[in-house]
Every structure is written in C-alpha cells, then in structure tokens.
Amino acid sequence: MTGRNMALPKVSKWTLLIPLVLVLLIGLGWAVTQRGEEAGAERFDLPRIPWEGGPAYYAGHRAAAAAGWTDPGFFPIGVWFESVIDERDVRLDKEAGLNTYVELTGNSDAELIRKHGMHAITAKPLDGAGRETVGWLITDEPDMFAGPGDGVWSGKFPGEGKPCIPDKPPCGYTAMRTLKDKLPKNDGRFHYANFGKGVAMWETDEEARRFVNSYTDVMSTDIYWHTDANICDEAEHFLQLPPDRCRRAANYGRTVERGRRLDALDGRLQPVYAFVEVGWPGANGSRAITGEQIAGAVMNALIHEARGVVYFNHSFGGPCISQHVLREPCTKDVRAAVTELNRRITSLAPVLNTQSYAHTFEPRLDTMLKAHDGSFYVFATVGEEAGPGSYTLRLPPGLTSASGKAEVLFENRTVPLRGGAITDTFERLDSYHVYRITP
C-alpha cells in the first residue's frame, strides 16, 4: 500500500499526454469511419429515403435494446406461429438463419428459446418468459376479421363466431384497443401487429391509417401474391392491377410501400416488415411458392425499405401439409433456398441498417442505394411493369470504381462500369442483383 509520504516516480509530461492522445486518436478514427460511409454520397447531393432510424429505433424499447436489436449487425428474420418444444426445433430454425419467433404455440419452451439466443414476439407471455420476449403481438389481420370501425367486439376471432355485435358498424379498432390493453404495460417491449387485405387494398387511406398509426410500434402486412388463388381478381378490382402483373416479386415490395406510406401519414415512422409465404397457404386451388420466388419477393421488399422479414411457415394444401415448412424433409428445397437467402440478408445487415439514398438507376427496375464502410451498394430487381431482359443502371454522377468494375455479390462475378453505368441481365421476374462499388 502506498503511503502518503512515499516518493513517487518522476513522470514525463509526454508520458502523461500519451493516454489523452490515444483517446483523441480513437475518437477521431471513429468519427472518420462514421463520416467515411457517407462522404461519397454527400458529394452527389442525394436526398435520403425517410426512415425510422434503423437499429437505433429499438433503443426506445429497452427489452429489444437489451436483446441486441440496436446492433447494426442484427436484422430481424422471423417465422410465423411456430412451436419450440425441444432442442431439435430451435436448432433447425437457427440453422435456417432465423432469429425471431413471431407468435408461438402456448406449449413452447421459453427457456429453450432464451438458451439459444433466439427472440420472441408473442400474443401473451409464455410460461417462464423473460429476456427472449422483445415484443407483444396485438393480433393478426384485425382489418379483415373485424373491419375498420369502433363497434362492439364480441371477443371472438375467425371461426369462433361473429366478431362484431351487431355486424355493423365494424369493430376492428375496438378489437385492437381491447387486445393491446390486456398486454403487459410499460415493460420495455414493443407492440406489433400484422394486417392483411383490408389495409393493403379493401380500405380507404383514412380507414387503414387508423390501424397502422394508432396501436403499433412495428407492423407488417401479408399478401400472398404468388400463392393466393383469389388475389389477382381482388387486385384487379381494388388496385386496377392487370392480371399479367399480379404474381410478381415486385408486388411484395408494393405491399411494404403501402404500409410505409400509411405509416408516414401521422409523421411518426415505425419499422415495416415484409411478410412472405414459404409453403402452400391455401387449401383450395392455391399453389406452392418456389425458392426463387421467395428470394425475389424478400429482396424486392427489402428494396422498398422493409426493416425485417417474417416467413409464413404453414402449408394447408399440396403434398406436404405442415405448420413447420422450414423444418420438413418434404420441403428441403425451399428450406435450402431460404437458408441461403437468410445467410445473404444477415451478411448484408450492416448495409441494410443504414439509411438509403434516393436515386433512379433505371425506371423499370426497383432499386436501392446504400453506403457502408467506404463502399456503395446498389440493389436491383425487376419492377412491377417490366420483364426479364438486359437493363442499364445509370449511376449517380461521380460514382466510380477504382477497378472500373462492380462486384456482383453472391454471384462470383464482376460487371464493368462504362460511361457511368452498369449493364446487366435479369433473367426472371424474380431475379435480383446486389452490386458493390468501391471508389
């Protein structure tokens, strides 16, 4: 123990300055890195796409923040209404690249979910629920089963009897209020709801906006463009969408865009997730979705600024009826495609979790521009009125590559940059490319 009168070693003033200099250098390096990601885009004077803040949004919800949702390397990839009963369940889901359960059966094991570092959003607390539960599900498709109105809700859901008493006025807003009020309060968990065709197309903006803006912190809308037997007739009636433009990857992005537009009407933005089927959702006259169609749908939704992905994991028709499509041997091809897609999304999380820049590369394509870690990323898919073929993407003036090429991620190839543009082929309606350009 050092006594008060013990002589202290002589220390140079330069020695004392070293820690301060190191702190300054580290701080400067951090600032340079932060600004470096944006410096190139700033020189193009490009406007930004509105966003809710990405990972920083979850800092306002302490359960999600404590679970790591503020990490730029995390991107929510969820599965709808699964069950977690044993180790094999959660192992298969993690191997498929999933990280979040959006609703779970009541007999699911919260401790198993927690042990494996997975997350949950549930309609009520599971037995033993804890830090794995980051949010509460208010309900699913109230815009469809109860409709836009403040009528009396019976407490019943589809298949249980009449939801509204009397039938008119509709009671969807009442159902949302009632169900949200039953959830735990002020516990740091966000509130989530999934909507359907009501918000997407049946209802006016004024009716739909009340669902989107009044109750939730995170939302999604499910329209199964590739597999719903009735969707093309409904879309033609409500959206004036011609049948030949119905079953397209671009319409999953259109659905996200509709949610984002409604969400912006109150001036307070929230994350809007994509909702994509991975099986055969309908029992009558529907069809199964393919791995390529899933990838195209998800990527188009991400290009339209989806902040998470939820997979509808149930098949009610076809040769492989299951509520666990991504675990079944009979759907191994779909599982393989989704696993690879999730690997790509996870690797791109630090990029996806940055604010996009507005730029039209090619009007017939759906595109997105982001900057991260000194490189620029261009995401591109076929738009809702275009078809397969060769397209030329015009880059913002001044965006060049030191190599004269752009790397096409996940495809083991490059494309030349000529005249400030990229020319490439999109072979299918669900084709997509992600280009990395390093000045």
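An account of the accompanying structure is given in this report. (Residues numbered from 1 in each chain as written. Predicted model: local features only at pLDDT ≥ 70, side-chain atom pairs only at ≥ 80, totals over all residues. Heavy atoms only, no water.)

Brief notes about the overall build of the protein
Thinking step 1. Each helix and strand counted, the protein has 13 helices and 15 strands in total.
Thinking step 2. Taking the principal axes of its C-alpha atoms as reference, the protein extends roughly 85 × 65 × 45 Å.
Thinking step 3. For the protein, buried positions account for 52% of its 439 residues.
Thinking step 4. Looking at the protein alone, contacts between residues at least 24 apart form 66% of all its contacts between residues at least 6 apart.
Thinking step 5. Of the accessible surface of the protein, which amounts to about 20,100 Å², a share of 55% is contributed by carbon and sulfur atoms. (Helix = DSSP H or I, 4+ residues; strand = E, 2+ residues; numbered from the N terminus. Buried < 20%, exposed > 50% of the residue type's maximum accessible area, 1.4 Å probe, protein only. Contact = heavy atoms within 4.5 Å. Areas by Shrake-Rupley, 256 points an atom, 1.4 Å probe, with all protein chains shown as cover.)

Notes on the sheet that holds strand β12 (residues 405-408)
Thinking step 1. Overall, antiparallel pairing links the 5 strands, which are arranged β9-β10-β15-β12-β13 in an open sheet. Looking along the sheet, the strands with just one partner apiece sit at the ends: β9 (365-372) and β13 (413-416). Averaged over all pairs of adjacent strands, the angle between their axes in this sheet comes to 25°, without regard to strand direction.
Thinking step 2. When β9 meets strand β10 (residues 375-382), the two strands line up antiparallel, connected through 8 bridges. Bridge assignment links Met368 to a residue of β10, and that residue is Phe379. (Pairing = 2+ DSSP bridges. Axes fitted to C-alpha atoms, helices over the stretch in contact; angles between N-to-C directions.)

Topic: the packing of aromatic side chains
Thinking step 1. Applying the stated rule across the entire model yields 16 aromatic pairs.
Thinking step 2. Measuring from ring centre to ring centre gives 4.9 Å for Trp69 and Phe74, while their planes differ by 40°; the resulting arrangement is tilted.
Thinking step 3. On the basis of relative accessibility, which here comes to 13%, the residue Phe74 falls in the buried class.
Thinking step 4. Aromatic pair Tyr192 and Tyr273: ring centres 6.3 Å apart, planes at 35°, arrangement tilted. Residue Tyr192 is located in strand β5 (residues 190-195), and its partner Tyr273 is located in strand β7 (residues 272-277); the two are separated by 81 residues in the primary sequence. One exposure class covers both Tyr192 and Tyr273, and it is buried.
Thinking step 5. Chaining the aromatic ring pairs together yields one cluster made of Trp80, Phe81, Tyr224, Phe275, Phe312 and Phe316. (Phe/Tyr/Trp six-rings, centres within 6.5 Å; stacked < 30°, edge-to-face > 60°.)

Focus on unusual backbone geometry
Across the chain, the bulk of peptide bonds are trans and the bulk of non-glycine residues have phi less than zero.
Thinking step 1. Here the bond from Ile165 into Pro166 is cis, since omega is -5°, no more than 30 degrees from zero.
Thinking step 2. Each neighbour pair has its own omega, and for Lys168 with Pro169 the value is 0°, a cis peptide bond.
Thinking step 3. Mapped onto the elements, Pro169 comes out in the loop between α5 (142-145) and α6 (172-182).
Thinking step 4. Of note, Asn186 is a non-glycine position whose phi angle comes to about 55°, a positive value.
Thinking step 5. Mapped onto the elements, Asn186 comes out in the loop between α6 and β5.
Thinking step 6. Under the relative-accessibility criterion, Asn186 is labelled exposed at 75%.
Thinking step 7. Positive phi values are uncommon outside glycine, yet Phe410 reaches one of about 70°.
Thinking step 8. Mapped onto the secondary structure, Phe410 falls in the loop between β12 and β13.

Here's the deal with the pairing of β10
Thinking step 1. Along β10, 8 of the 8 residues are buried, which leaves the element largely enclosed by surrounding structure.
Thinking step 2. What sits between the antiparallel neighbours β9 and β10 is a turn of 2 residues, in which Asp373 has the positive phi angle 50°.
Thinking step 3. Here β10 runs beside strand β15 (residues 432-437); their pairing, made up of 6 bridges, is antiparallel. What sits directly across from Ala380, in β15, is His433.

Note that all results are geometric; they support no functional claim without further evidence.
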